[in-house]
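# Breakdown of the fold
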Amino acid sequence: MSQLSVPHLLGIKNLTESDIQLVFETADQFKEVLGRPIKKVPSLRDVTIANIFFENSTRTKLSFELAEKRLSADVINFSAGQSSVKKGETLVDTVNNILAMKVDMVVMRHHHAGAAMFLSKHVKASIVNAGDGAHEHPTQALLDAYSIRERLGDVAGKRVLIVGDILHSRVALSNIFALQKLGATVTVCGPQSLIPRYIEELGVEVAIDFDQALKKADVVNMLRVQNERMEYSYFPSTREYVMQYGLTSERLGRLDHTPLIMHPGPINRGVELSSEIADSSDAIILDQVENGVAVRMAVLYLLASAM
Ligand code: NCD
């Protein structure tokens, strides 16, 4: 099989395990390309891609843009802050205007859950979800699982602990789907107020005690508290949060093994991770960023070849 089972990448939920493996195998090839002196291939030479971002982004936006340029696509960028969205234009009108300029694919980040799905039903282009509200962030989960596979050989059978603001995190949900499809066991951990009430129905374990949960983890993925998605406070103070859920060398020193440490970025140093841990060789945060380009090249290439 050399094609994805879907015409858009809206979420991990509707991918099969073979889709994910195909992305990984394709990403392996692009990673090899990215290690060459000339890092560019002509694969998407006649394809035009619009990156439309209604929410702030550093890594994801740059990573998609670089992936597109390494594939020789033509790229246009749009940020809602400087656009006619502020003048009252609807999402479909904005995107159809962009498509009238003969755009083939749209990479979109939006603050509303379901925005990418909505768009895929209303416009003629292949849509890639670069994060929709607190719902899904599929390419992040693919690059996270790819980075685990790279370091630990396989994702199947690994015990992955996802820690922090599970409630508001699209990274958590997409990771849960991806890791489970690949055969890993997932535990989520954080203050009770930041764990969605029905999360166990997804087949994950819930842990409130971080130290206990760490003992069983092969991988620990530390998430940022998404203050921008909160209307009120979900825990008494940052100091208390750090005491219970911050990853520090003191906490890791109490374990008889060292798990692989991951973070999607942006890091709040001194909150979910101490600076010492963030910069340690057990943390693969910058490898995740590096792999993001190859994984996004794979996704764009596979979607474009099915158009
Ligand atoms: C994440 C996001 O935007 O959901 N970041 C990212 O894409 N690398 C996580 C976050 O903002 O905390």
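Structure's up top.
What this report covers is the structure whose coordinates are included nearby. (Residues numbered from 1 in each chain as written. Predicted model: local features only at pLDDT ≥ 70, side-chain atom pairs only at ≥ 80, totals over all residues. Heavy atoms only, no water.)

## Considerations on the overall build of the protein
Across its full length, the protein holds 11 helices and 9 strands. For the protein, whose C-alpha radius of gyration is 19 Å, the value lies close to the compact-globule estimate of 19 Å for 307 residues. Overall, the protein is about 55 × 45 × 35 Å in size when its C-alpha atoms are taken along their principal axes. Burial status across the protein gives 54% buried among its 307 residues. A separation of at least 24 residues holds for 72% of the contacts in the protein among residues at least 6 apart in sequence. Of the side-chain charges in the protein, 32 are positive and 36 negative, and the distance between the mean point of each set is 4 Å. (Helix = DSSP H or I, 4+ residues; strand = E, 2+ residues; numbered from the N terminus. Rg over C-alpha atoms; globule rule 2.2 N^0.38 Å. Buried < 20%, exposed > 50% of the residue type's maximum accessible area, 1.4 Å probe, protein only. Contact = heavy atoms within 4.5 Å. Lys, Arg positive; Asp, Glu negative; His and termini not counted. Charge placed at Lys NZ, Arg CZ, Asp CG, Glu CD.)

## Observations concerning the sheet that holds strand β1 (residues 48–53)
Taken together, 4 strands build an open sheet; the order of strands is β2-β1-β3-β4 and the sheet is parallel. Two strands in the sheet have a free side with no partner beyond their single neighbour: β2 (74–79) and β4 (126–132). On average, adjacent strands in this sheet sit at an angle of 15° to one another, irrespective of strand direction. In this sheet, strand β3 (residues 105–110) lies alongside β1 in parallel orientation, the contact comprising 5 bridges. Bridging across to β3, F53 finds its partner in R109. (Pairing = 2+ DSSP bridges. Axes fitted to C-alpha atoms, helices over the stretch in contact; angles between N-to-C directions.)

## What to know about the layout of surface pockets
In this structure, the largest pocket encloses a volume near 430 Å³. As for the largest pocket, its lining consists of 21 residues, and the residues nearest its centre are R109, R170, R224, G265 and P266. Within the residue set of the lining of the largest pocket, elements represented by two or more residues are α2 (59–70) and α6 (170–181). Partitioning the lining of the largest pocket into residue classes produces 4 nonpolar, 10 polar and 7 charged. Residues lining the lining of the largest pocket come from more than one domain, with at least three contributed by each of domain 1 (12–135 + 289–305) and domain 2 (138–288). The calculated volume of the second largest pocket comes to roughly 160 Å³. L161, T187, E205, A213 and K216 are, among the 13 residues lining the second largest pocket, the residues nearest its centre. For the lining of the second largest pocket, the secondary-structure elements that each account for two or more residues are β5 (159–163), β6 (185–189), β7 (205–207) and α7 (210–215). (1 Å grid on protein atoms, 1.4 Å probe; cavity = no way out; pocket = protein on both sides within 12 Å on 5 of 7 lines; lining within 4 Å. Points joined across faces, edges and corners; volume = space filled by probe spheres on them. Nonpolar A, V, L, I, M, F, W, Y, C, P; charged D, E, K, R; others polar. Domains from an automatic or database assignment.)

## Quick look at the site of the ligand
All residues in the neighbourhood of the ligand are listed as R59, T60, R109, H137, Q140, R170, V171, R224, Q226, P264, G265 and P266. A distance of 2.7 Å separates an oxygen atom of the ligand from a polar side-chain atom of R170. Q226 has a polar side-chain atom sitting 2.8 Å from an oxygen atom of the ligand. Applying the majority rule of atoms within 2 Å of the grid points places the ligand in the largest pocket. (Near = heavy atom within 4 Å. Polar contact = N/O pair within 3.5 Å; in protein donor to acceptor, adjacent residues only side chain to side chain. Sits in = over half its atoms within 2 Å of the grid points.)

## Quick notes on α6
Given 3.6 residues to a turn, an α-helix orients residues that are three or four positions apart in the same direction. A rise of 1.5 Å per residue sets the reference length of α6, with its 12 residues, at 16 Å; its end C-alpha atoms lie 17 Å apart and thus fit the reference within 8%. Among the 12 residues in α6, 9 count as buried, and that is most of the element. Every buried residue of α6 is listed here: R170, V171, A172, S174, N175, I176, F177, A178 and L179. One side-chain oxygen at the N-terminal end of α6 lies 3.2 Å from the backbone nitrogen of V171; it belongs to S169. Of the residues trailing α6, G183 is marked for its positive phi of about 95°. (Expected span 1.5 Å × (residues − 1).)

## Here's the deal with the nonpolar core
The biggest cluster of nonpolar side chains holds 64 residues, and the ones touching the most others in it are V128, L142, I162, L179 and L300. Ranked by residues supplied to this core, first place goes to helix α11 (residues 285–305) with 10 residues. Setting aside residues no more than four positions away along its own chain, L300 makes contact with L44, I49, F64, A67, E68, L71, M105, V107 and V128. (Core = buried A, V, L, I, M, F, W, Y, C linked by side-chain atoms within 4.5 Å.)

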